[in-house]
Amino acid sequence: EVLEIPVNTLITKLISNGIMANLNQEIDFETAYIIAEEMGITLEKIEEIDEIEVIESDLDYEDDEKDLKPRPPIVTVMGHVDHGKTSLLDAIRNTNITDGEAGGITQHIGASEIVINDKIITFLDTPGHEAFTSMRSRGAQVTDIAILVVAADDGIMPQTIEAINHARAAEVPIIVAINKIDKQNANVDRVKQELAEQGLLTEDWGGSTISVEVSALKRIGIDELLEMVLLVAELEELKANPNRLAVGTIIEARLDKGRGPVATVLIAKGTLNKGDFVLTGTSYGKIRAMVNSKGRRITTATPSTPVEITGLSEVPEAGEILYSVEDEKMAKDLAEKRRQKIKDESNKGTARVSLEDLFSRIQEGEIQDLNLIVKADVKGSIEAIKQSLEKLSIEEVNVKTIHGGVGGINETDIMLASASNAIVIGFNVRPTNSAIELAKRENVDIRTYSVIYSAIEDIEAAVKGMLAPEF
Ligand code: GDP
């Protein structure tokens, strides 16, 4: 049809080339190319396209230069342990409490907005380069400027160098805060010498690295540091289009007993509104409420603003991109496609496993891997459970956690368990009703615990063939 030639002509051509083709035959690209060439047509191979990626890049389209407006800088504080990162963040937040807010509670949502000289600076509350890089590894760059804290009494240490390298890899400008200058053994010159050795030549030494001497403890130099952040931000010409559907990054997420999934989004472009339909990972929904870093309810959030949102169907992962979409159906469809993709990707399962029949199947050599999906109420528990359970691996069977997440056990977990022949472990969380239904249909074993030890005991017993049947 595309070539606008009769089928028979094409079949004859193929046969004359030694391919006994019929009407419904598939031929490979090389053959098609040669045949087409003979007919004076050049074929071009189109790479297989990923539908989800196409939709995402449609949602995350580039803006016209003329639509871009200045936006606040987003800053991460980095440096060696005990050099004063947390203290510096506290000092910054405290100098910024205006009279009206004094005594008010600053909400912990994962990022704070600081106002200086009528300009806003957004600070990420989690200091250190680990969080910064783990986001980046997921494709989200949420930092514009890094403040590198170096204690004047200690100088450049291994994590200082790591932080410098991580900031450089991300091409994020560095402002050095030489901290603890109140200390008697503070040696600012030595710090500058060591910075120079790392290729960070400070301005007073003839270089271009901005450095500010501060004391987080005594609140010295904080305003100057913030002014330097604004100066660098200005040079960076940070801009975004506020007039479009929002795109942002999830920087924190958790399950709240009363409010359900709660997530903090840092807006990258566009404006997020209460009532917007959003999609992030396999989670979607309509934004029910938005709270800013001062704990106030707001209805719109512009670029570089951190906001805590509620209304999502499940707890998303930090680092996941959030998109505003036109309508709920689109959000739901795309979430479903993502879910399917995750399932396809991990689809190498055999018959479903359960703790009851685990031992006999290990004995029969049918199972070499005991795959687990661990869901818990807080992130810390996931790691603890994961490590304890994986230690139970024996020669015959390897216990491994294929997925860990915060929040109740939902249908996605069951689908993943079903696809990868895993058992779902819930710690202080329960399956939703629809997850229970689905688990029944898919024969997925769900086990919930409130004591880590009980989980360890069960898995150990199952691995060793001593599990008492569950009634
Ligand atoms: P982090 O590990 O980098 O987050 O460091 P912290 O903020 O927890 O600080 C480590 C220790 O250094 C704490 O005991 C702080 O009280 C102390 N500290 C932080 N900043 C200063 C400072 O400017 N002067 C002095 N003397 N001590 C400080």
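Quantities reported herein were computed from a predicted structural model and do not represent experimental measurements. (Residues numbered from 1 in each chain as written. Predicted model: local features only at pLDDT ≥ 70, side-chain atom pairs only at ≥ 80, totals over all residues. Heavy atoms only, no water.)

## Focus on the confidence of the model for the protein chain
Inference 1: Averaged over the protein chain, the pLDDT score is 86; the fraction of residues at 70 or greater is 92%.
Inference 2: Scored by ipTM, the complex comes to 0.99, with pTM at 0.66. (pLDDT = per-residue confidence, 0-100.)

## Observations concerning the environment of A419
Inference 1: Along the chain, A419 turns up in helix α12 (residues 411-420).
Inference 2: A419 gets classed as buried once you look at its relative accessible area, which sits at 2%.
Inference 3: A C-alpha to C-alpha distance of 5.8 Å links A419 and K343, two positions 76 residues apart in sequence. (Helix = DSSP H or I, 4+ residues; strand = E, 2+ residues; numbered from the N terminus. Buried < 20%, exposed > 50% of the residue type's maximum accessible area, 1.4 Å probe, protein only.)

## Looking at the site of the ligand
Inference 1: Around the ligand there are 15 residues in total, and D82, K85, T86, S87 and D182 lie nearest to it.
Inference 2: S87 places a polar side-chain atom, nitrogen or oxygen, 2.5 Å from an oxygen atom of the ligand.
Inference 3: L217 is positioned such that a nitrogen or oxygen atom in its backbone is 3.2 Å from an oxygen atom of the ligand.
Inference 4: Taking 580 Å² as the accessible area of the ligand by itself, protein coverage stands at 74%.
Inference 5: Counted by class, the shell around the ligand contains three nonpolar, seven polar and five charged residues. (Near = heavy atom within 4 Å. Polar contact = N/O pair within 3.5 Å; in protein donor to acceptor, adjacent residues only side chain to side chain. Areas by Shrake-Rupley, 256 points an atom, 1.4 Å probe, with all protein chains shown as cover. Nonpolar A, V, L, I, M, F, W, Y, C, P; charged D, E, K, R; others polar.)

## Quick word on the sheet that holds strand β20 (residues 422-427)
Inference 1: Spatially, four strands are ordered β19-β18-β20-β21 in an open sheet, and the strand pairing comes out parallel. Edge positions in the sheet fall to β19 (398-406) and β21 (446-449), since each has one partner strand and no second. This sheet shows a mean twist of 25° between the axes of neighbouring strands, independent of strand direction.
Inference 2: Summarising the sheet, β20 and β21 pair through four bridges and their orientation is parallel. When the bridges of β21 are listed, F427 appears paired with Y449. (Pairing = 2+ DSSP bridges. Axes fitted to C-alpha atoms, helices over the stretch in contact; angles between N-to-C directions.)

## Description of the packing of α12 against helix α13 (residues 433-442)
Inference 1: The interhelical angle for the contact between α12 and α13, taken along N-to-C directions, is 15°, at an axis separation of 8 Å. Comparing their axes, α13 and α12 come out roughly parallel. Viewed along their axes, α12 and α13 form a crossing whose handedness is right-handed. Side by side, α12 and α13 meet where E411, I414, M415 and S418 of the first sit next to S434, A435, L438, A439 and E442 of the second.
Inference 2: The residue inventory of the contact of α12 with α13, partitioned by class, reads five nonpolar, two polar and two charged. (Parallel < 35°, antiparallel > 145°, perpendicular 65-115°, else oblique. Left-handed = near helix turned anticlockwise from the far one by under 90°. Contact = heavy atoms within 4.5 Å.)

## A short note on the sheet that holds strand β3 (residues 111-116)
What links the strands of a sheet is backbone hydrogen bonding, and the strands pair in either a parallel or an antiparallel sense.
Inference 1: On the basis of which strands lie adjacent, the open sheet formed by six strands has the order β3-β4-β2-β5-β6-β7 and mixed pairing. The open sheet has two edge strands with one neighbour each: β3 and β7 (210-213). On average, each strand axis in the sheet is inclined to that of its neighbour by 30°, with strand direction left out of account.
Inference 2: Examined bridge by bridge, strand β6 (residues 174-179) and β7 share four bridges and lie parallel to one another.

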